[in-house]
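Below, each chain spelled out in residue letters.
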Amino acid sequence: MNSLLLNTDGVQIPQLGFGVWQVPDDEAERSVTTAFQVGYRHIDTARLYYNEEGVGRAFRASGLPREKVFITTKLWNSDHHRAEQAFDESLARLGLDYLDLYLIHWPVPSQDKYPQAWTALEKIYRDGRARAIGVSNFTVGALTRLMNETEITPSINQVELHPHFQQAELRAFHEANGILTEAWSPLGQGKGLLNEPALATLAGKHGKSPAQIVLRWHIQLGNVVIPKSVTPARIKENIDVFGFTLDPEDMAAIGAMNTSTRLGPDPANFNWMG
């Protein structure tokens with residue numbers, strides 16, 4: 001498993017993680033248990049997913065040392081004014097003493113409280129309750145404002161990113177400012193991406209599945225990537241992406257698939273507080 005260095009005190013994040021978005025709590029416990037068994041050591045959850053308890057149960061049952069597992073959760077939109085309390089509540093649901101990474105889930109521009117929330121995350125970090133802090137679904141503008149108005153640069157920005165929506169400008173901004181890019185919906189949510197003929201060609205060339213080709217593309221771009229599955233065979237398949245390399249022509253073929261098609265909400269106007 002590759003790890004990447006965050007911009008905070010030498011903390012490293014496993015480059016391939018396991019996501020549990022839209023996975024019910026009991027099923028999350030089962031799928032995270034499978035993920036641990038096949039080698040994942042990075043789990044990504046959120047308060048909104050309502051499965052932090054299941055993730056915590058799976059970790060405790062795994063018998064893995066705490067320092068060997070990287071766990072992320074996120075501050076929900078309605079909690080920007082109470083970030084420290086929300087953090088403590090997530091920590092309790094997970095049954096942990098600290099988090100490896102805590103993220104602001106969305107900026108919620110109409111509410112305009114994300115700088116306030118970020119100041120609270122800075123305190124959480126300084127108090128040693130989170131080893132690193134970052135954001136999710138932030139635009140260049142929102143990141144720039146945070147960097148101008150607060151003290152700590154986010155260590156990571158978790159955003160929608162896949163071959164149909166490659167976010168080149170945002171990735172370049174991240175690189176210029178020492179922020180890692182983390183991809184959610186890295187396989188395009190099963191909405192046609194994996195049926196692309198170019199991916200079928202590359203899958204045949206390397207003896208891998210189209211999903212493995214896309215995950216390898218993310219890895220070689222330098223993205224942190226968190227595929228989600230509840231199917232044991234696919235959970236195992238998705239981690240088997242470190243034994244081959246895409247050549248420059250392969251990377252270019254996937255790069256040519258960009259259509260700038262977003263599948264999820266646009267952070268510039270996503271203001272849901274539910």
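Residues numbered from 1 in each chain as written. Predicted model: local features only at pLDDT ≥ 70, side-chain atom pairs only at ≥ 80, totals over all residues. Heavy atoms only, no water.

Caption draft 1: Local environment of the overall build of the protein chain. Within the protein chain, the regular secondary structure consists of 10 helices and 10 strands. A globule of 274 residues ought to have a C-alpha radius of gyration of about 19 Å, and the protein chain, at 18 Å, matches this closely. Overall, the C-alpha framework of the protein chain stretches about 50 × 40 × 35 Å when taken along its three principal axes. Relative to its 274 residues, the protein chain shows a buried fraction of 55%. Considering only intrachain contacts with a sequence separation of at least 6, the fraction spanning at least 24 residues in the protein chain is 74%. Total accessible area on the protein chain is roughly 11,100 Å²; 50% of this is exposed by carbon and sulfur atoms. (Helix = DSSP H or I, 4+ residues; strand = E, 2+ residues; numbered from the N terminus. Rg over C-alpha atoms; globule rule 2.2 N^0.38 Å. Buried < 20%, exposed > 50% of the residue type's maximum accessible area, 1.4 Å probe, protein only. Contact = heavy atoms within 4.5 Å. Areas by Shrake-Rupley, 256 points an atom, 1.4 Å probe, with all protein chains shown as cover.)

Caption draft 2: A look at the packing of helix α5 (residues 140–149) against helix α6 (residues 168–176). Between α5 and α6, the shortest axis-to-axis distance is 10 Å and the interhelical angle comes to 20 degrees. Here α6 runs roughly parallel to α5, going by the angle between their axes. Every pair of crossing elements has a handedness; the one defined by α5 and α6 is left-handed. Of the residues in α6, those touching α5 at Val140, Leu143, Thr144 and Met147 are Leu170, Phe173 and His174. Classifying every residue of the contact of α5 with α6 gives five nonpolar, two polar and no charged. (Axes fitted to C-alpha atoms, helices over the stretch in contact; angles between N-to-C directions. Parallel < 35°, antiparallel > 145°, perpendicular 65-115°, else oblique. Left-handed = near helix turned anticlockwise from the far one by under 90°. Nonpolar A, V, L, I, M, F, W, Y, C, P; charged D, E, K, R; others polar.)

Caption draft 3: Broad picture of the pattern of salt bridges. In this structure the tally under the stated criterion is 22 salt bridges. For lysine 205, the salt bridge identified is with aspartate 250, shortest N-O distance 2.8 Å. With lysine 205 in helix α7 (residues 197–206) and aspartate 250 in helix α10 (residues 248–255), this pair connects stretches of sequence that are 45 residues apart. Taking relative accessible area as the criterion, lysine 205 reaches 48% and is therefore assigned partly exposed. The structure contains a network of salt bridges with shared partners spanning Glu84, Asp88, Lys123, Asp127 and Arg129. (Salt bridge = Lys/Arg side-chain N within 4 Å of Asp/Glu carboxyl O.)

Read these as layout, nothing more, since geometry by itself doesn't imply function.
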